[in-house]
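Each chain, letter by letter, is given below.
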Amino acid sequence: MSAKRSRSGFATRAVHVGQEADPSTGAVAPPIFATSTYVQEEIGKHKGYEYARVSNPTRTRLEENLAALEDGVAAKVFASGMAAINAITTMLKAGDHVVCGNNLYGGTPRLFNQVWTDFGLEFSYVDTSDPRNVQKALKKTTRMVFLETPTNPLMALTDIQAVSAICRPKKIDVVVDNTFMSPYFQQPIALGADLVVHSTTKFLNGHSDGLGGVVVCTRQEQVEKLAFLQKAAGAILSPFECWLILRGVKTLAVRMEKHDESGRVVAEFLAKHKKVKKVFYPGLTDHPQHELAKRQMTGFGSMITFETGSLSNANRMLRKVRICSLAESLGGVETLISHPATMTHAALGEKGRKEIGITDGLVRISVGIEDVEDLIADLVQALGAR
Ligand SMILES: Cc1ncc(COP(=O)(O)O)c(C=O)c1O
(Lines give C-alpha, C1' and ligand atoms only; values in the text may rest on other atoms or scores of the structure.)
Protein backbone atom coordinates (compact mmCIF):
# COMPACT_ATOMS: atom_id res chain seq x y z
CA MET A 1 0.00 0.00 0.00
CA SER A 2 2.68 2.51 0.96
CA ALA A 3 4.54 1.75 -2.29
CA LYS A 4 1.36 2.52 -4.22
CA ARG A 5 0.94 5.71 -2.23
CA SER A 6 4.40 7.02 -2.89
CA ARG A 7 4.84 6.03 -6.54
CA SER A 8 1.45 6.17 -8.18
CA GLY A 9 -0.55 8.91 -9.81
CA PHE A 10 -3.83 10.26 -8.48
CA ALA A 11 -6.22 8.03 -10.44
CA THR A 12 -4.20 4.92 -9.55
CA ARG A 13 -4.28 5.81 -5.85
CA ALA A 14 -8.03 6.43 -6.07
CA VAL A 15 -8.59 2.95 -7.49
CA HIS A 16 -6.03 1.02 -5.43
CA VAL A 17 -5.22 2.52 -2.01
CA GLY A 18 -7.49 0.93 0.57
CA GLN A 19 -9.20 -0.83 -2.32
CA GLU A 20 -7.05 -4.00 -2.28
CA ALA A 21 -8.76 -7.34 -2.95
CA ASP A 22 -10.17 -9.04 0.16
CA PRO A 23 -7.38 -11.36 1.41
CA SER A 24 -9.76 -14.08 2.61
CA THR A 25 -11.82 -14.49 -0.59
CA GLY A 26 -10.10 -12.51 -3.36
CA ALA A 27 -13.20 -10.32 -3.80
CA VAL A 28 -12.11 -7.35 -5.91
CA ALA A 29 -14.60 -4.97 -4.32
CA PRO A 30 -13.90 -4.18 -0.66
CA PRO A 31 -16.27 -6.02 1.69
CA ILE A 32 -18.76 -4.13 3.83
CA PHE A 33 -18.05 -5.23 7.39
CA ALA A 34 -21.55 -5.01 8.83
CA THR A 35 -20.66 -5.79 12.41
CA SER A 36 -20.91 -4.00 15.72
CA THR A 37 -18.21 -6.03 17.48
CA TYR A 38 -15.35 -8.51 16.94
CA VAL A 39 -14.59 -11.85 18.60
CA GLN A 40 -11.48 -11.89 20.82
CA GLU A 41 -9.34 -15.00 21.42
CA GLU A 42 -8.60 -14.11 25.00
CA ILE A 43 -8.53 -10.94 27.09
CA GLY A 44 -6.75 -8.30 25.04
CA LYS A 45 -5.93 -10.69 22.15
CA HIS A 46 -7.67 -9.67 18.92
CA LYS A 47 -7.00 -8.77 15.30
CA GLY A 48 -6.84 -5.00 15.90
CA TYR A 49 -10.60 -4.46 15.94
CA GLU A 50 -12.64 -4.47 19.18
CA TYR A 51 -15.81 -2.43 18.70
CA ALA A 52 -17.20 -0.76 15.57
CA ARG A 53 -17.53 2.75 16.98
CA VAL A 54 -13.76 2.69 17.46
CA SER A 55 -12.85 1.08 14.13
CA ASN A 56 -14.20 -0.95 11.26
CA PRO A 57 -12.19 -2.48 8.38
CA THR A 58 -14.34 -0.85 5.65
CA ARG A 59 -13.82 2.49 7.39
CA THR A 60 -10.08 1.87 7.69
CA ARG A 61 -9.92 1.31 3.93
CA LEU A 62 -11.74 4.57 3.18
CA GLU A 63 -9.59 6.52 5.62
CA GLU A 64 -6.42 5.18 3.98
CA ASN A 65 -7.74 6.02 0.54
CA LEU A 66 -8.73 9.62 1.35
CA ALA A 67 -5.46 10.29 3.21
CA ALA A 68 -3.59 9.14 0.10
CA LEU A 69 -5.65 11.38 -2.20
CA GLU A 70 -5.05 14.51 -0.10
CA ASP A 71 -1.47 13.47 0.77
CA GLY A 72 -2.07 13.61 4.51
CA VAL A 73 -0.65 11.33 7.21
CA ALA A 74 -4.10 9.90 7.97
CA ALA A 75 -7.79 10.67 7.61
CA LYS A 76 -10.79 10.20 9.88
CA VAL A 77 -14.32 9.93 8.52
CA PHE A 78 -17.50 11.16 10.16
CA ALA A 79 -21.26 10.89 9.65
CA SER A 80 -21.51 14.08 7.56
CA GLY A 81 -19.47 17.06 6.46
CA MET A 82 -20.85 19.01 9.41
CA ALA A 83 -19.85 16.22 11.81
CA ALA A 84 -16.31 16.46 10.38
CA ILE A 85 -16.23 20.25 10.86
CA ASN A 86 -17.63 19.79 14.35
CA ALA A 87 -14.86 17.27 15.10
CA ILE A 88 -12.24 19.84 14.11
CA THR A 89 -13.85 22.42 16.36
CA THR A 90 -13.64 20.09 19.36
CA MET A 91 -9.85 20.23 18.99
CA LEU A 92 -10.06 23.80 20.37
CA LYS A 93 -10.54 25.00 23.96
CA ALA A 94 -12.73 27.67 25.56
CA GLY A 95 -11.11 31.06 25.01
CA ASP A 96 -9.63 30.10 21.62
CA HIS A 97 -10.29 32.35 18.66
CA VAL A 98 -10.86 31.28 15.04
CA VAL A 99 -10.59 33.48 11.95
CA CYS A 100 -13.00 32.32 9.24
CA GLY A 101 -13.79 33.28 5.69
CA ASN A 102 -16.91 35.47 5.59
CA ASN A 103 -18.54 33.38 2.88
CA LEU A 104 -18.64 29.78 4.07
CA TYR A 105 -21.29 27.13 3.48
CA GLY A 106 -24.18 28.45 5.64
CA GLY A 107 -24.15 25.44 7.99
CA THR A 108 -20.59 26.18 9.11
CA PRO A 109 -21.21 29.63 10.68
CA ARG A 110 -24.50 28.24 12.03
CA LEU A 111 -22.53 25.58 13.93
CA PHE A 112 -19.87 28.06 15.04
CA ASN A 113 -22.21 30.88 16.10
CA GLN A 114 -25.19 28.97 17.43
CA VAL A 115 -23.40 26.08 19.15
CA TRP A 116 -19.73 26.72 19.81
CA THR A 117 -19.88 30.31 21.03
CA ASP A 118 -21.89 28.93 24.00
CA PHE A 119 -18.80 26.88 24.89
CA GLY A 120 -16.44 29.86 24.91
CA LEU A 121 -15.01 29.78 21.38
CA GLU A 122 -14.77 33.07 19.50
CA PHE A 123 -15.12 33.46 15.73
CA SER A 124 -14.27 36.40 13.45
CA TYR A 125 -15.37 36.47 9.82
CA VAL A 126 -13.26 38.33 7.26
CA ASP A 127 -12.85 38.47 3.51
CA THR A 128 -9.97 36.01 3.18
CA SER A 129 -9.61 36.65 -0.55
CA ASP A 130 -7.16 39.31 0.67
CA PRO A 131 -4.68 37.53 3.02
CA ARG A 132 -3.95 40.86 4.73
CA ASN A 133 -7.44 40.69 6.24
CA VAL A 134 -6.46 37.40 7.89
CA GLN A 135 -3.28 38.97 9.26
CA LYS A 136 -5.28 41.92 10.68
CA ALA A 137 -7.87 39.66 12.33
CA LEU A 138 -5.35 37.56 14.26
CA LYS A 139 -5.34 37.83 18.05
CA LYS A 140 -3.12 36.39 20.77
CA THR A 141 -5.80 33.71 21.25
CA THR A 142 -6.16 32.77 17.56
CA ARG A 143 -5.59 29.02 17.14
CA MET A 144 -7.16 28.34 13.78
CA VAL A 145 -7.99 29.88 10.41
CA PHE A 146 -10.91 28.22 8.64
CA LEU A 147 -11.09 28.68 4.87
CA GLU A 148 -13.32 27.57 2.05
CA THR A 149 -11.84 28.13 -1.39
CA PRO A 150 -13.57 28.65 -3.73
CA THR A 151 -16.37 29.96 -1.54
CA ASN A 152 -19.95 28.78 -1.60
CA PRO A 153 -21.71 30.28 -3.56
CA LEU A 154 -19.70 33.36 -4.61
CA MET A 155 -16.69 31.43 -5.91
CA ALA A 156 -14.11 33.77 -4.35
CA LEU A 157 -10.67 32.26 -3.85
CA THR A 158 -8.24 32.44 -0.96
CA ASP A 159 -4.51 32.09 -1.55
CA ILE A 160 -3.84 29.06 0.66
CA GLN A 161 -0.07 29.42 0.40
CA ALA A 162 -0.16 33.10 1.44
CA VAL A 163 -2.46 32.46 4.41
CA SER A 164 -0.36 29.46 5.51
CA ALA A 165 2.78 31.60 5.37
CA ILE A 166 1.13 34.10 7.74
CA CYS A 167 -0.08 31.40 10.15
CA ARG A 168 2.82 28.93 10.30
CA PRO A 169 5.27 31.06 12.33
CA LYS A 170 2.49 31.74 14.85
CA LYS A 171 1.57 28.02 15.09
CA ILE A 172 -1.98 28.76 13.97
CA ASP A 173 -3.60 25.85 12.13
CA VAL A 174 -4.99 26.49 8.66
CA VAL A 175 -8.04 24.38 7.84
CA VAL A 176 -9.30 24.19 4.25
CA ASP A 177 -12.75 22.95 3.30
CA ASN A 178 -11.85 21.42 -0.07
CA THR A 179 -15.35 20.16 -0.92
CA PHE A 180 -15.83 22.25 -4.07
CA MET A 181 -12.61 21.27 -5.83
CA SER A 182 -11.98 17.76 -4.46
CA PRO A 183 -8.36 16.61 -4.07
CA TYR A 184 -8.29 16.05 -7.83
CA PHE A 185 -8.16 19.79 -8.59
CA GLN A 186 -6.75 21.25 -5.37
CA GLN A 187 -4.19 19.92 -2.88
CA PRO A 188 -4.33 22.23 0.17
CA ILE A 189 -1.72 20.27 2.18
CA ALA A 190 0.88 20.79 -0.55
CA LEU A 191 0.06 24.53 -0.29
CA GLY A 192 0.65 24.56 3.49
CA ALA A 193 -2.71 23.66 5.06
CA ASP A 194 -2.64 21.79 8.40
CA LEU A 195 -6.03 20.08 8.05
CA VAL A 196 -8.34 19.44 5.11
CA VAL A 197 -12.04 18.80 5.48
CA HIS A 198 -14.64 17.60 2.98
CA SER A 199 -18.28 16.95 2.84
CA THR A 200 -17.80 13.57 1.11
CA THR A 201 -21.53 13.86 0.35
CA LYS A 202 -20.43 15.87 -2.72
CA PHE A 203 -17.75 15.03 -5.33
CA LEU A 204 -15.97 12.27 -3.36
CA ASN A 205 -19.10 10.14 -3.18
CA GLY A 206 -20.24 11.67 -6.46
CA HIS A 207 -23.59 9.92 -6.80
CA SER A 208 -25.83 11.84 -4.35
CA ASP A 209 -26.59 8.66 -2.43
CA GLY A 210 -24.99 9.12 0.97
CA LEU A 211 -23.81 11.69 3.49
CA GLY A 212 -20.32 11.76 4.95
CA GLY A 213 -17.39 13.90 6.03
CA VAL A 214 -13.65 13.51 6.32
CA VAL A 215 -10.81 15.30 8.07
CA VAL A 216 -7.35 14.74 6.61
CA CYS A 217 -4.49 15.33 9.04
CA THR A 218 -0.86 16.35 8.65
CA ARG A 219 0.35 15.55 12.19
CA GLN A 220 0.10 12.44 14.35
CA GLU A 221 -1.26 14.39 17.32
CA GLN A 222 -4.27 15.48 15.19
CA VAL A 223 -4.89 11.87 14.16
CA GLU A 224 -4.88 10.75 17.78
CA LYS A 225 -7.28 13.50 18.85
CA LEU A 226 -9.72 12.68 16.07
CA ALA A 227 -9.50 8.91 16.62
CA PHE A 228 -10.27 9.55 20.28
CA LEU A 229 -13.18 11.75 19.28
CA GLN A 230 -14.61 9.03 17.01
CA LYS A 231 -14.52 6.68 19.98
CA ALA A 232 -15.69 9.19 22.59
CA ALA A 233 -18.42 11.04 20.66
CA GLY A 234 -19.31 8.39 18.08
CA ALA A 235 -20.35 10.46 15.03
CA ILE A 236 -18.61 7.90 12.79
CA LEU A 237 -19.51 6.89 9.25
CA SER A 238 -21.30 3.56 8.79
CA PRO A 239 -19.52 0.78 6.86
CA PHE A 240 -22.12 0.94 4.09
CA GLU A 241 -21.62 4.69 3.60
CA CYS A 242 -17.83 4.14 3.65
CA TRP A 243 -18.24 1.54 0.93
CA LEU A 244 -20.33 3.94 -1.20
CA ILE A 245 -17.53 6.49 -1.03
CA LEU A 246 -14.85 3.86 -1.76
CA ARG A 247 -16.86 2.96 -4.86
CA GLY A 248 -17.49 6.59 -5.84
CA VAL A 249 -13.87 7.63 -5.42
CA LYS A 250 -12.69 5.04 -7.97
CA THR A 251 -14.13 7.25 -10.73
CA LEU A 252 -13.25 10.61 -9.13
CA ALA A 253 -10.55 11.49 -11.68
CA VAL A 254 -12.70 10.81 -14.75
CA ARG A 255 -15.76 12.44 -13.22
CA MET A 256 -13.84 15.59 -12.29
CA GLU A 257 -12.42 15.87 -15.83
CA LYS A 258 -15.94 15.71 -17.25
CA HIS A 259 -17.36 18.08 -14.57
CA ASP A 260 -14.63 20.57 -15.44
CA GLU A 261 -15.04 20.26 -19.22
CA SER A 262 -18.81 20.81 -19.03
CA GLY A 263 -18.47 23.45 -16.29
CA ARG A 264 -16.39 25.62 -18.62
CA VAL A 265 -18.94 25.25 -21.45
CA VAL A 266 -21.91 26.12 -19.20
CA ALA A 267 -20.07 29.10 -17.66
CA GLU A 268 -19.22 30.50 -21.11
CA PHE A 269 -22.84 30.02 -22.19
CA LEU A 270 -24.19 31.82 -19.12
CA ALA A 271 -21.66 34.64 -19.47
CA LYS A 272 -23.01 35.38 -22.97
CA HIS A 273 -26.69 35.09 -22.09
CA LYS A 274 -28.48 38.45 -22.08
CA LYS A 275 -30.74 37.54 -19.13
CA VAL A 276 -27.76 36.66 -16.92
CA LYS A 277 -26.34 39.72 -15.17
CA LYS A 278 -23.16 38.20 -13.77
CA VAL A 279 -21.40 34.83 -13.64
CA PHE A 280 -19.15 33.72 -10.77
CA TYR A 281 -16.76 31.04 -12.06
CA PRO A 282 -12.97 31.04 -11.56
CA GLY A 283 -12.42 29.64 -15.05
CA LEU A 284 -13.71 32.80 -16.73
CA THR A 285 -10.93 35.21 -17.62
CA ASP A 286 -12.87 38.11 -16.06
CA HIS A 287 -13.02 36.37 -12.66
CA PRO A 288 -10.99 38.73 -10.41
CA GLN A 289 -8.84 35.80 -9.21
CA HIS A 290 -8.51 33.88 -12.46
CA GLU A 291 -4.69 33.99 -12.23
CA LEU A 292 -4.73 32.61 -8.67
CA ALA A 293 -7.18 29.92 -9.81
CA LYS A 294 -4.74 28.83 -12.53
CA ARG A 295 -1.90 28.73 -10.02
CA GLN A 296 -3.67 27.09 -7.09
CA MET A 297 -5.98 24.64 -8.84
CA THR A 298 -5.44 22.24 -11.72
CA GLY A 299 -9.00 22.69 -13.01
CA PHE A 300 -11.88 25.09 -12.45
CA GLY A 301 -14.53 22.52 -11.54
CA SER A 302 -18.23 22.65 -12.17
CA MET A 303 -19.62 24.98 -9.54
CA ILE A 304 -21.06 28.11 -11.13
CA THR A 305 -23.17 30.86 -9.61
CA PHE A 306 -25.04 33.44 -11.63
CA GLU A 307 -27.20 36.50 -11.07
CA THR A 308 -30.70 36.46 -12.56
CA GLY A 309 -31.62 39.89 -11.16
CA SER A 310 -34.45 39.05 -8.75
CA LEU A 311 -36.16 36.34 -6.71
CA SER A 312 -38.97 36.13 -9.28
CA ASN A 313 -36.53 35.78 -12.20
CA ALA A 314 -34.70 33.03 -10.28
CA ASN A 315 -37.92 31.23 -9.43
CA ARG A 316 -39.25 31.54 -12.99
CA MET A 317 -36.19 29.76 -14.39
CA LEU A 318 -35.94 27.22 -11.56
CA ARG A 319 -39.57 26.18 -12.15
CA LYS A 320 -38.81 25.50 -15.80
CA VAL A 321 -35.66 23.37 -15.64
CA ARG A 322 -36.18 19.76 -16.72
CA ILE A 323 -32.76 18.05 -16.81
CA CYS A 324 -31.20 20.18 -14.09
CA SER A 325 -32.83 19.21 -10.77
CA LEU A 326 -33.81 21.93 -8.33
CA ALA A 327 -32.22 20.62 -5.15
CA GLU A 328 -29.73 21.49 -2.43
CA SER A 329 -26.32 19.82 -2.55
CA LEU A 330 -23.75 19.48 -5.31
CA GLY A 331 -21.03 17.29 -6.74
CA GLY A 332 -23.19 14.44 -8.02
CA VAL A 333 -23.23 13.00 -11.54
CA GLU A 334 -26.57 14.72 -12.09
CA THR A 335 -26.78 18.47 -12.55
CA LEU A 336 -28.24 20.13 -9.47
CA ILE A 337 -29.42 23.72 -9.46
CA SER A 338 -30.21 25.63 -6.29
CA HIS A 339 -31.17 28.97 -4.79
CA PRO A 340 -28.60 29.92 -2.12
CA ALA A 341 -30.71 32.64 -0.42
CA THR A 342 -33.52 30.23 0.50
CA MET A 343 -31.54 27.00 0.65
CA THR A 344 -27.85 26.67 1.61
CA HIS A 345 -27.55 30.20 3.01
CA ALA A 346 -31.01 30.71 4.54
CA ALA A 347 -29.48 30.35 8.02
CA LEU A 348 -27.41 33.53 7.52
CA GLY A 349 -30.55 35.70 7.54
CA GLU A 350 -31.22 38.58 5.16
CA LYS A 351 -28.71 40.90 6.82
CA GLY A 352 -25.93 38.30 6.85
CA ARG A 353 -26.49 37.50 3.19
CA LYS A 354 -26.56 41.16 2.21
CA GLU A 355 -23.26 41.81 3.97
CA ILE A 356 -21.44 39.31 1.77
CA GLY A 357 -23.37 39.84 -1.46
CA ILE A 358 -25.70 36.84 -1.62
CA THR A 359 -28.72 38.30 -3.40
CA ASP A 360 -32.19 36.82 -3.93
CA GLY A 361 -31.49 36.57 -7.65
CA LEU A 362 -28.46 34.30 -7.32
CA VAL A 363 -28.70 30.77 -8.68
CA ARG A 364 -26.02 28.11 -8.17
CA ILE A 365 -25.46 25.23 -10.52
CA SER A 366 -23.44 22.08 -9.95
CA VAL A 367 -22.83 20.85 -13.48
CA GLY A 368 -23.12 17.08 -13.75
CA ILE A 369 -21.74 14.64 -16.29
CA GLU A 370 -24.73 14.52 -18.66
CA ASP A 371 -24.26 15.52 -22.33
CA VAL A 372 -23.47 19.21 -22.10
CA GLU A 373 -25.60 19.98 -25.20
CA ASP A 374 -28.65 18.72 -23.28
CA LEU A 375 -27.78 20.89 -20.29
CA ILE A 376 -27.40 23.97 -22.47
CA ALA A 377 -30.73 23.22 -24.20
CA ASP A 378 -32.38 22.91 -20.78
CA LEU A 379 -30.92 26.23 -19.63
CA VAL A 380 -31.95 27.91 -22.89
CA GLN A 381 -35.58 26.84 -22.46
CA ALA A 382 -35.55 27.79 -18.76
CA LEU A 383 -33.89 31.20 -19.17
CA GLY A 384 -35.55 32.22 -22.41
CA ALA A 385 -33.92 33.41 -25.64
CA ARG A 386 -30.18 34.12 -25.46
C1 LIG B 1 -18.53 23.42 1.27
C2 LIG B 1 -19.36 22.59 2.18
N3 LIG B 1 -18.84 22.18 3.36
C4 LIG B 1 -19.54 21.43 4.23
C5 LIG B 1 -20.85 21.05 3.96
C6 LIG B 1 -21.62 20.22 4.95
O7 LIG B 1 -21.64 18.89 4.53
P8 LIG B 1 -22.79 17.83 4.89
O9 LIG B 1 -24.04 18.29 4.21
O10 LIG B 1 -22.26 16.54 4.34
O11 LIG B 1 -22.93 17.83 6.37
C12 LIG B 1 -21.42 21.43 2.74
C13 LIG B 1 -22.81 21.04 2.42
O14 LIG B 1 -23.40 21.49 1.47
C15 LIG B 1 -20.66 22.22 1.83
O16 LIG B 1 -21.16 22.63 0.66
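Quick caveat, the model's predicted, so the values are computed rather than measured.

### Re the site of the ligand
Phase 1 of the analysis: Looking at the ligand, there are 14 residues lining it, with Gly81, Met82, Asp177, Ser199 and Thr201 nearest.
Phase 2 of the analysis: Met82 is positioned with one of its backbone polar atoms (N or O) 2.9 Å from an oxygen atom of the ligand.
Phase 3 of the analysis: Between the ligand and the protein, one listed contact pairs an oxygen atom with a side-chain N or O atom of Ser199 at 2.8 Å.
Phase 4 of the analysis: Compared with its free state, where it exposes 390 Å², the ligand has 93% of that area covered by protein.
Phase 5 of the analysis: Its residues placed into classes, the shell around the ligand shows four nonpolar, seven polar and three charged.

### Some words on the packing of helix α3 (residues 57-70) against helix α10 (residues 239-249)
Phase 1 of the analysis: Relative to each other, α3 and α10 sit at 35°, their axes nearing to 9 Å. Here α3 and α10 pass one another in a crossing that is left-handed. Contacts between α3 and α10 involve Thr58, Arg59, Arg61, Leu62, Asn65, Leu66 and Leu69 from the former and Pro239, Cys242, Trp243, Ile245, Leu246 and Val249 from the latter.
Phase 2 of the analysis: Its residues assigned to classes, the contact of α3 with α10 shows nine nonpolar, two polar and two charged.

### What about the pairing of strand β4 (residues 142-148)?
Phase 1 of the analysis: Counting buried residues along β4, six of its seven residues qualify, which places the element largely inside the surrounding structure.
Phase 2 of the analysis: In terms of strand pairing, β4 meets strand β5 (residues 173-177) through five bridges, oriented parallel. Following the sheet pairing, Phe146 is matched in β5 by Val175.
Phase 3 of the analysis: Considered for its hand, the β-α-β crossover made up of β4, helix α7 (residues 160-167) and β5 is right-handed.

### What about the state of the cysteines?
Note: disulfide means a covalent bond formed between the sulfur atoms of two cysteine side chains.
Phase 1 of the analysis: Considering all chains together, one arrives at zero disulfides under this definition.
Phase 2 of the analysis: Distance from the sulfur of Cys217, which forms no disulfide, to the nearest cysteine sulfur (Cys242) is 15 Å.
Phase 3 of the analysis: What makes Cys217 buried here is its relative accessible area of 0%.

### Digging into the packing of helix α11 (residues 252-272) against helix α15 (residues 372-383)
Phase 1 of the analysis: Their axes nearest at 10 Å, the elements α11 and α15 cross at an angle of 25°. The angle between α11 and α15 falls in the class roughly parallel. In the crossing of α11 with α15, the sense of the turn from one axis to the other is right-handed. Of the residues in α15, those in contact with Ser262, Val265, Val266, Phe269 and Leu270 of α11 are Val372, Ile376, Leu379, Val380 and Leu383.

### Regarding the sheet that holds strand β8 (residues 278-280)
Phase 1 of the analysis: Strand order in this open sheet of five strands is β8-β9-β12-β11-β10, and the pairing throughout is mixed. If you trace the sheet from one side to the other, it starts and ends with β8 and β10 (325-326), each paired once.
Phase 2 of the analysis: The pairing of strand β11 (residues 336-338) with strand β12 (residues 362-366) spans three bridges and is classified as antiparallel. When the bridges of β12 are listed, Ile337 appears paired with Ile365.
Phase 3 of the analysis: Most of the contacts of α11 go to strand β9 (residues 303-307), to which it runs at about 10°, and overall it touches β8 and β9.

### So, the pattern of salt bridges
Phase 1 of the analysis: Enumeration according to the criterion identifies 13 salt bridges in this entry.
Phase 2 of the analysis: For Glu63, the salt bridge is made with Arg59, and the minimal N-O distance between the two is 3.7 Å. In this pair, Glu63 and Arg59 both sit in helix α3, four residues apart, roughly one turn of the helix.
Phase 3 of the analysis: Residue classification places Glu63 among the buried positions, given a relative accessible area of 8%.
Phase 4 of the analysis: Overall, Arg59 belongs to the buried group, its relative accessible area being 2%.
Phase 5 of the analysis: A salt bridge links Arg219 to Asp173; its shortest N-O distance comes to 3.2 Å. Here Asp173 lies in strand β5 and Arg219 lies in the loop between β7 (213-217) and α9 (220-233), a separation of 46 residues in the sequence.
Phase 6 of the analysis: The buried category is assigned to Asp173, whose relative accessible area is 16%.

### Side note on the pairing of β12
Phase 1 of the analysis: Counting buried residues along β12, five of its five residues qualify, which places the element largely inside the surrounding structure.
Phase 2 of the analysis: Side chains of β12 alternate between two faces, with Leu362, Arg364 and Ser366 and Val363 and Ile365 buried alike.
Phase 3 of the analysis: Two elements, β9 and β12, share five bridges in a ladder whose sense is antiparallel. Bridging from a neighbouring strand, Ile304 pairs with Ile365 of β12.

### Structural notes on the packing of aromatic side chains
When we look at a pair of aromatic rings, we describe it by the centre distance and by the angle of the planes.
Phase 1 of the analysis: All told, the structure shown has eight aromatic pairs when counted by the stated rule.
Phase 2 of the analysis: Each ring, one from Tyr38 and one from Tyr49, has its centre 5.5 Å from the other, and the planes form 40°; the classification is tilted. Of this pair, Tyr38 sits in the loop between α2 (10-16) and α3 while Tyr49 sits in the loop between α2 and α3, placing them 11 residues apart in sequence.
Phase 3 of the analysis: Relative accessible area serves as the criterion here: at 21%, Tyr49 is assigned to the partly exposed category.
Phase 4 of the analysis: Here Phe240 and Trp243 contribute two aromatic rings whose centre-to-centre distance is 6.2 Å and whose plane-to-plane angle is 15°, an arrangement assigned as stacked. Placement of both Phe240 and Trp243 in helix α10 is noted, with a separation of three residues, approximately one turn of the helix.

### As for the sheet that holds strand β2 (residues 97-101)
Each strand in a sheet pairs with its neighbour through backbone hydrogen bonds, running either in the same direction (parallel) or in the opposite one (antiparallel).
Phase 1 of the analysis: Reading across the sheet, the seven strands line up as β1-β7-β6-β5-β4-β2-β3 and stay open at both edges, with mixed pairing between neighbours. Two strands close off the open sheet at either side, each with one partner strand: β1 (74-78) and β3 (122-126). Neighbour-to-neighbour, the strand axes of this sheet turn through a mean angle of 20°, independent of strand direction.
Phase 2 of the analysis: With respect to the sheet, helix α4 (residues 81-89) is in contact with β1, β3, β4, β5, β6 (195-199) and β7, its orientation differing from that of β6 by roughly 155°.
Phase 3 of the analysis: Taken strand by strand, α9 contacts β1, β5, β6 and β7, and its axis lies near 25° from that of β1.

Here is what the cut-offs are and how they apply
- Positions within a chain are numbered from 1, following the residues in the order the chain's sequence is written.
- In keeping with the model being predicted, local features are shown solely for residues with a pLDDT of at least 70 and side-chain atom pairs are shown and tallied solely at 80 or more, while totals for entire chains, interfaces and linings include all residues.
- Each side-chain value is worked out from all heavy atoms of the structure, with water and hydrogens disregarded.
- It suffices for a single heavy atom of a residue to lie within 4 Å of a molecule or strand for the residue to be listed as near it.
- Polar contacts here mean pairs of N or O atoms no more than 3.5 Å apart (in protein, one a potential hydrogen donor and the other a potential acceptor; neighbouring residues in sequence count only if both atoms are side-chain atoms).
- Each accessible area is a Shrake-Rupley estimate made with a 1.4 Å probe; only the visible protein chains count as cover when residues are assessed.
- Just so you know the grouping, Ala, Val, Leu, Ile, Met, Phe, Trp, Tyr, Cys and Pro go in nonpolar, Asp, Glu, Lys and Arg go in charged, and all remaining residues, Gly too, go in polar.
- In this analysis, axes come from line fits to C-alpha atoms, helices being fitted only over the stretch in contact, and the angle between any two N-to-C directions falls in the range 0 to 180 degrees.
- By the criteria applied, helices consist of DSSP H or I runs no shorter than four residues and strands consist of E runs no shorter than two, each listed in order from the N terminus.
- Crossing chirality is assigned from the near helix's rotation relative to the far helix, an anticlockwise turn below a right angle marking it left-handed and a clockwise turn marking it right-handed.
- In what follows, a contact means two residues having at least one pair of non-hydrogen atoms within 4.5 Å.
- Partly exposed describes any residue whose relative accessible area lies between the buried limit of under 20% and the exposed limit of over 50%, with all areas from a 1.4 Å probe on protein chains only and scaled to the type maximum.
- Strand pairing is assigned whenever DSSP identifies at least 2 bridges connecting the two strands.
- Note on handedness: a clockwise path from strand one over the helix to strand two, with the strands aimed away from the viewer, defines a right-handed crossover.
- The definition used for a disulfide is geometric: two cysteine sulfur atoms within 2.5 Å.
- Roughly parallel covers angles under 35 degrees, roughly antiparallel covers those over 145, roughly perpendicular covers 65 to 115, and oblique covers all other angles.
- Just to be clear on terms, a salt bridge is a Lys or Arg side-chain nitrogen sitting within 4 Å of an Asp or Glu carboxyl oxygen.
- Each Phe, Tyr or Trp ring, with Trp reduced to its six-membered ring, pairs with another whose centre is within 6.5 Å; inter-plane angles below 30 degrees give stacked pairs, above 60 give edge-to-face pairs, and intermediate values give tilted ones.

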